[in-house]
Amino acid sequence: MEEIYAKFVSQKISKTRWRPVPSGSLQTAETFATGSWDNEENCVSLWSIGDFGNLDSDGGFEGDHQLLCDIRHHGDVMDLQFFDQERIVAASSTGCVTVFLHHPNNQTLSVNQQWPAAHHHTGPGSPSYSSAPCTGIVCDNPEIVTVGEDGRINLFRVDHKEAVRTIDNADSSTLHAVTFLRTPEIVTVNSIGQLKIWDFRQQGSEPCQILSLTGDRVPLHCVDRHPNQQHVVATGGQDGMLSIWDVRQGTMPVSLLKAHEAEMWEVHFHPSNPDHLFTCSEDGSLWHWDASTNGPEKSSLFYQGGRSSTFLSHSISNQASVHQSLISSWLSTDPAKDRIEITSLLPSRTLSVNSLDVLGPCLVCGTDAEAIYVTRQLFS
């Protein structure tokens, strides 16, 4: 199994994100950010992962993650995204959205920009309002999109004081997460099991497409888009299920995969190796899903440390017409050929694993057990 290093940081970690590597560079991931929650004082921190595996003079690993700098954050960190190499955007339970700037010369973080009441509940018949948590953000320089418990979607542009566009009543339920489908289009997931696609080129406050889980209206907590095939979207929900959607067709998921035993908090396709997908859960587990068809023949359809999961449903219509090589392995119609191997990455169950991020061979995750786990050998 991959070697995974733990560091105890005396704060519950709500979000972890790798700093992006400059495009075209051969560097591997070296720096990541974390946000905390449910602590007396929360903060956004930057860490360096150092050189694992070399013993220092005290016999300890030099590879311990080193804290570079941190800054106090008002409220729980609900989401965290790198805007570019120097700037990090944080979403707060107070409804505020903050852009922090990293100063590498003296290793400090400072507030670069802030939208204090990006998300709020408006009182009936009065101008007063109470704050609403900002639950999700996604960045595509120069734009930042935020969603919140107030059902509002904001489009900010960095260096602009006001929102460029706000869809006030985008959703009557809580929006839990957002990502870009392609540049003017975003996809959101909400607390009644719906996936909605919005196009900022269109005026008005209606989504251009609504897809949903049938039946129970299970809240969806997280969403990610396949990096190469923008119509393929993965979501995770309160029941721990992994849902794969093809937004070009139908209004329901293409497949439902039985996964965790409690809420799935995050799902991420590997950015450069998207046959691999990663999920983490309230049940304390962190899973690596391998759908690469050229992998070794798997002994069971779902394999996870000797425990096979059940395959729930898999149906796609009209796919014969699509050229086979263009079909993502996540949309394959034949479960017998489409063997997915699941590996548990944490040595033992812990408290909730709230967040994960992958970049190249590196993975980082943060937990309620006040630990950050890092591996640099995902595919070894």
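Residues numbered from 1 in each chain as written. Predicted model: local features only at pLDDT ≥ 70, side-chain atom pairs only at ≥ 80, totals over all residues. Heavy atoms only, no water.

**Thoughts on the packing of aromatic side chains**
Okay, step 1: Tallying each qualifying case throughout the model produces five aromatic pairs.
Okay, step 2: On the numbers, 4.3 Å between centres and 20° between planes, the contact of Trp115 with Phe156 is stacked. With Trp115 in strand S9 (residues 108-115) and Phe156 in strand S14 (residues 153-157), the pair connects residues that are 41 residues apart, well separated along the chain.
Okay, step 3: The class for Phe156 is buried, based on a relative accessible area of 3%.
Okay, step 4: Pairing Phe269 with Trp330 gives two aromatic rings, centres 6.1 Å apart and planes at 75°, and the pair type is edge-to-face. In this pair, Phe269 sits in strand S24 (residues 264-269) while Trp330 sits in the loop between strand S28 (311-314) and strand S29 (340-344), placing the two residues 61 residues apart along the sequence.
Okay, step 5: Trp330 sits in the buried class, given a relative accessible area of 2%.
Okay, step 6: Taking the ring centre of Trp37 as reference, the NZ or CZ of Lys12 above it sits at 5.6 Å. (Phe/Tyr/Trp six-rings, centres within 6.5 Å; stacked < 30°, edge-to-face > 60°. Helix = DSSP H or I, 4+ residues; strand = E, 2+ residues; numbered from the N terminus. Buried < 20%, exposed > 50% of the residue type's maximum accessible area, 1.4 Å probe, protein only. Lys NZ or Arg CZ within 6 Å of the ring centre and 35° of its normal.)

**Focus: the sheet that holds strand S12 (residues 134-140)**
Okay, step 1: Strand order in the open sheet formed by four strands is S12-S13-S14-S15, and the pairing between neighbours is antiparallel. In this open sheet, the two strands that pair with only one neighbour each are S12 and strand S15 (165-167). Within this sheet the neighbouring strands show an average axis-to-axis angle of 15°, counted without direction.
Okay, step 2: Pairing of strand S13 (residues 143-148) with S14 involves five bridges; the strand directions are antiparallel. Within S14, the residue paired with Glu143 across the bridge is Arg157. (Pairing = 2+ DSSP bridges. Axes fitted to C-alpha atoms, helices over the stretch in contact; angles between N-to-C directions.)

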